[in-house]
Amino acid sequence: MTARRTQVAIIGSGPAGLLLGHLLKAEGIDCVLLERASRDHVQSRIRAGVLETVTTDLMHRLGLDERMNREAMVEDGFNLADGDQMVRIDIKALTGKTVVVYGQTELTRDLIAAAPQRELEIVFEAADLALHGVDSAHPKVTYTKDGVPATLECDFIAGCDGFHGPSRRAIPQHLAREYMHEYPFGWLGILADVPPCHDELIYANGPRGFALASMRSPTRSRYYIQVPLTEKIEDWPEDRLWDELELRFNTISQHGVTRGPALEMSIAPLRSYVFETMHYGRLFLAGDAAHIVPPTGAKGLNLAASDVLYLSDALIAHYRRKDENALLGYCDRALARIWKSERFSWSLTKLMHSFPDQNAFERQMQVAEMDYLSRSPAMQTAIAENYVGLPV
Ligand code: RFL
Ligand code: PHB
C-alpha cells in the first residue's frame, strides 16, 4: 500500500484533466492526474478536430503552443449545405474571429509530452479508482497501480473522467438533476491520409442524411456520416463508406472526395446531457464528466476547456487569496456557458440531420431555415458567433 498527499487530485487525463493539471502546476499548485487507460490509448483516441479561441488561448498561456502554431490550420469560414444548396458562413468577416483545425489527439500529445518538464505527474493505468469523503474536509482517492493499492489524499478532487467515469456518481442523486436528450442516430467516422475534398468544413444534410467533411491537415481528411443506431462498423466496408461520401460531396465540394485506406473508423452515438450540479463538497466536475453535446458544432472539447479555465481560476483564488467565492460560483459560471453550447449543438443537429420519424412539415421547416439562413446576415452572424465560441 502506498499513501501520499497532494493539493488537487485530478481524475482523468483527457483534455479537461491535462489542461487543468498544467494550469494549476503553472501557479505552483500541487496536483496529480490519475488515468485509467494507458498512455498509448489516451494518445491514439481520435476525437475532436476544431478548436475555439478559448482552447488555443489556454495553450498559448501555458506556452505549449509551439507545434499548434506551426501545424494548425486556421479556418475563416465553414459551410452548411442542404442538397446542392451550400451556404458559406464567413466566421471571420461576421465575428472577427477564426477557429483552428488541430486534432484533440495532437493537443493531448502536446500536453502529455510537456508533463515531465513541468513536473506534472500523470499516473497511467490507475485501476479500480474510487472517491472517498468528498463531502468532508479530507477527501481521498484510492486506486491500484501495477497490482499495488494506493491512496492519494488531497484538498480537492477534480472529476475530469469523461461521461463514463466514477466522479459524477460520487454526487448523491437527490442533490443532482440530470437532463438527457438522445438522438435516433450516430456518426460513423473515418480518418484517412487523403487530401480534404474542400478547403473548409462542410456540414451537409440531404435525402441520404447528414455528412461532415472535415480534416486534420492538407493531407489528412476526417469524414462522418449519420447512421442508424442499429448499424455496426462491420456493416460498413471502407468502399461502401467512400461511395456514400462521394455521393454526398462530389457535387458540392471544390476538389471531390479522394479515397484512401482508413487509419481509423468508429461509430459514436449522439446525445445531449447535462448533470447539475458540478460541485459537491470538495469535488468539482469538468468536461464530459458533467455534460455531453452532439458533435455537430464542435463544442465538446471547447466546453471542457472553458470549464477548466473557470475551475483553475477558482482554485487559484482559493490558494492565493483564500477567496472561497470563486469556488462557490464555479458551477453557475460554467453552466451558463454550457447551456448555450447545448442549445447551439442541439439546434444545429436538428437542422442538419434526417430524423427517422420526420414528417413532411418538419422537413419543410429545415428547408425554410436553410433558405432564411442563406439570405440573412443576422442569422449567419448568430451561427458564426456560436461556432467561434461564446465569450468566457
Ligand atoms: P475525455 O476526453 O473523455 O477524458 C476523460 C478521461 O478520463 C479517463 N477515465 C478514468 N480515469 C481514471 N479512472 C477511471 N475510472 C476513469 N474513467 C474514465 C478516460 O480514460 C479519459 O482519458 O473527457 P474530457 O477531458 O472532458 O474531454 C472531452 C472531449 O474529449 C470531448 O468533449 C470531445 O472529444 C467531443 N468532441 C468534439 N469536441 C469539440 O470541441 N470539437 C470537435 O470537433 C469534436 N468532435 C467529439 C468530436 C467527440 C466525438 N466522440 C468520439 C464522442 C467527434 C467525435 C466523434
Ligand atoms: C472533426 O474534425 O472531427 C470534427 C469537426 C467538426 C465537428 C465535429 C468533428 O463538428
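Calculation rules
- Residues numbered from 1 in each chain as written.
- Chains lettered and ligands numbered in written order.
- Predicted model: local features only at pLDDT ≥ 70, side-chain atom pairs only at ≥ 80, totals over all residues.
- Heavy atoms only, no water.
- Domains from an automatic or database assignment.
- Buried area = accessible area lost by both parts, 1.4 Å probe.
- Salt bridge = Lys/Arg side-chain N within 4 Å of Asp/Glu carboxyl O.
- Polar contact = N/O pair within 3.5 Å; in protein donor to acceptor, adjacent residues only side chain to side chain.
- Axes fitted to C-alpha atoms, helices over the stretch in contact; angles between N-to-C directions.
- Helix = DSSP H or I, 4+ residues; strand = E, 2+ residues; numbered from the N terminus.
- Parallel < 35°, antiparallel > 145°, perpendicular 65-115°, else oblique.
- Contact = heavy atoms within 4.5 Å.
- Nonpolar A, V, L, I, M, F, W, Y, C, P; charged D, E, K, R; others polar.
- Near = heavy atom within 4 Å.
- Areas by Shrake-Rupley, 256 points an atom, 1.4 Å probe, with all protein chains shown as cover.
- 1 Å grid on protein atoms, 1.4 Å probe; cavity = no way out; pocket = protein on both sides within 12 Å on 5 of 7 lines; lining within 4 Å.
- Points joined across faces, edges and corners; volume = space filled by probe spheres on them.
- Phe/Tyr/Trp six-rings, centres within 6.5 Å; stacked < 30°, edge-to-face > 60°.
- Buried < 20%, exposed > 50% of the residue type's maximum accessible area, 1.4 Å probe, protein only.
- Lys NZ or Arg CZ within 6 Å of the ring centre and 35° of its normal.

Structural notes on the domain arrangement of the protein chain
Here's step 1: Domain parsing of the protein chain yields domain 1 (2–74 + 100–179 + 272–347) and domain 2 (183–270 + 350–388).
Here's step 2: Summarising the inter-unit geometry, the C-alpha centres of domain 1 and domain 2 are found 29 Å apart.
Here's step 3: Summing both sides of the interface, domain 1 and domain 2 together bury roughly 1,800 Å²; the carbon and sulfur share of this comes to 62%.
Here's step 4: For the interface between domain 1 and domain 2, the tally reads zero salt bridges.
Here's step 5: Across the contact surface, domain 1 and domain 2 share eight residue pairs in polar contact (both at pLDDT 80 or more).

Describing the packing of helix H3 (residues 53–61) against helix H8 (residues 300–321)
Between two packed helices, the angle of one axis relative to the other and the distance separating the axes together describe the packing.
Here's step 1: Where H3 contacts H8, the axes come no closer than 8 Å and their chain directions differ by 50°. The pairing of H3 with H8 is recorded here as oblique in orientation. Across the interface between the two elements, Val-54, Thr-55, Leu-58 and Arg-61 of H3 pack against Leu-301, Asn-302, Ala-305, Ser-306, Val-308, Leu-309 and Ile-316 of H8.
Here's step 2: Split into classes, the residues belonging to the contact of H3 with H8 amount to seven nonpolar, three polar and one charged.

Section: the site of ligand 1
Here's step 1: Taken together, 30 residues lie around ligand 1, and Glu-35, Arg-45, Gln-104, Asp-288 and Leu-301 are the ones closest in.
Here's step 2: Here an oxygen atom of ligand 1 sits 2.9 Å away from a polar atom, N or O, in the main chain of Ala-16.
Here's step 3: Asn-302 is positioned with one of its side-chain polar atoms (N or O) 3.2 Å from an oxygen atom of ligand 1.
Here's step 4: The protein chains hide 88% of the 1,000 Å² of surface that ligand 1 would expose on its own.
Here's step 5: Those elements giving two or more residues to the shell around ligand 1 turn out to be helix H1 (15–26) and H8.

Re the layout of surface pockets
Here's step 1: In this structure, the second largest pocket occupies an estimated 250 Å³ of space.
Here's step 2: Taken together, Ser-347, Lys-350, Leu-351, Phe-355, Asp-357, Gln-358, Glu-362, Met-365, Gln-366 and Glu-369 make up the full set of residues lining the second largest pocket.
Here's step 3: Secondary-structure elements contributing two or more residues to the lining of the second largest pocket are helix H9 (325–352) and helix H10 (360–375).
Here's step 4: At four residues, H10 tops the list of elements feeding residues into the lining of the second largest pocket.
Here's step 5: Classifying every residue of the lining of the second largest pocket gives three nonpolar, three polar and four charged.

Some thoughts on the packing of aromatic side chains
Here's step 1: Within this structure, the stated rule accounts for 15 aromatic pairs.
Here's step 2: Aromatic side chains Phe-163 and Tyr-273 sit 5.2 Å apart centroid to centroid with 85° between the ring planes, which places their arrangement in the edge-to-face category. One end of the pair, Phe-163, is in the loop between strand S13 (156–159) and strand S14 (177–192); the other, Tyr-273, is in strand S18 (residues 262–276), with 110 residues separating them in the sequence.
Here's step 3: Under the relative-accessibility criterion, Phe-163 is labelled buried at 14%.
Here's step 4: Residue Tyr-273 is classed as buried on the basis of its relative accessible area of 1%.
Here's step 5: Taken together, Phe-78, Trp-187, Tyr-203, Phe-210, Tyr-224 and Tyr-387 form an aromatic cluster joined through their ring pairs.
Here's step 6: The ring centre of Phe-156 lies 5.0 Å from the NZ or CZ of Arg-282, which sits over that ring.

A look at empty space enclosed by the protein
Here's step 1: By the definition in use, this model includes two cavities of 30 Å³ or more.
Here's step 2: Quantified by volume, the largest cavity comes out at close to 50 Å³.
Here's step 3: Every residue along the wall of the largest cavity is listed here: Gly-14, Pro-15, Val-42, Arg-45, Arg-47, Gln-104, Thr-105 and Thr-108.
Here's step 4: Of the residues belonging to the lining of the largest cavity, the class tally is two nonpolar, four polar and two charged.
Here's step 5: Around the second largest cavity, the lining residues are Glu-52, Lys-299, Arg-337, Lys-340, Ser-341, Phe-344, Asn-386, Gly-389 and Leu-390.
Here's step 6: Among the elements that make up the lining of the second largest cavity, the one with the highest residue count is H9 (four residues).
Here's step 7: Taken together, the residues of the lining of the second largest cavity break down into two nonpolar, three polar and four charged.

Considerations on the site of ligand 2
Here's step 1: In the region of ligand 2, 14 residues are neighbours, and Tyr-203, Ser-214, Arg-216, Tyr-224 and Pro-295 sit closest.
Here's step 2: In the environment of ligand 2, an oxygen atom lies 3.4 Å from a nitrogen or oxygen atom belonging to the backbone of Arg-47.
Here's step 3: The backbone of Pro-295 places a nitrogen or oxygen atom 2.7 Å from an oxygen atom of ligand 2.
Here's step 4: Coverage of ligand 2 by the protein chains reaches 98% of its 280 Å² of free accessible surface.
Here's step 5: Tallying contributions element by element places strand S16 (residues 211–217) first for the shell around ligand 2, with three residues.
Here's step 6: Within the shell around ligand 2, the residues separate by chemical class into eight nonpolar, three polar and three charged.
Here's step 7: In terms of domain composition, the shell around ligand 2 takes at least three residues from each of domain 1 (2–74 + 100–179 + 272–347) and domain 2 (183–270 + 350–388).

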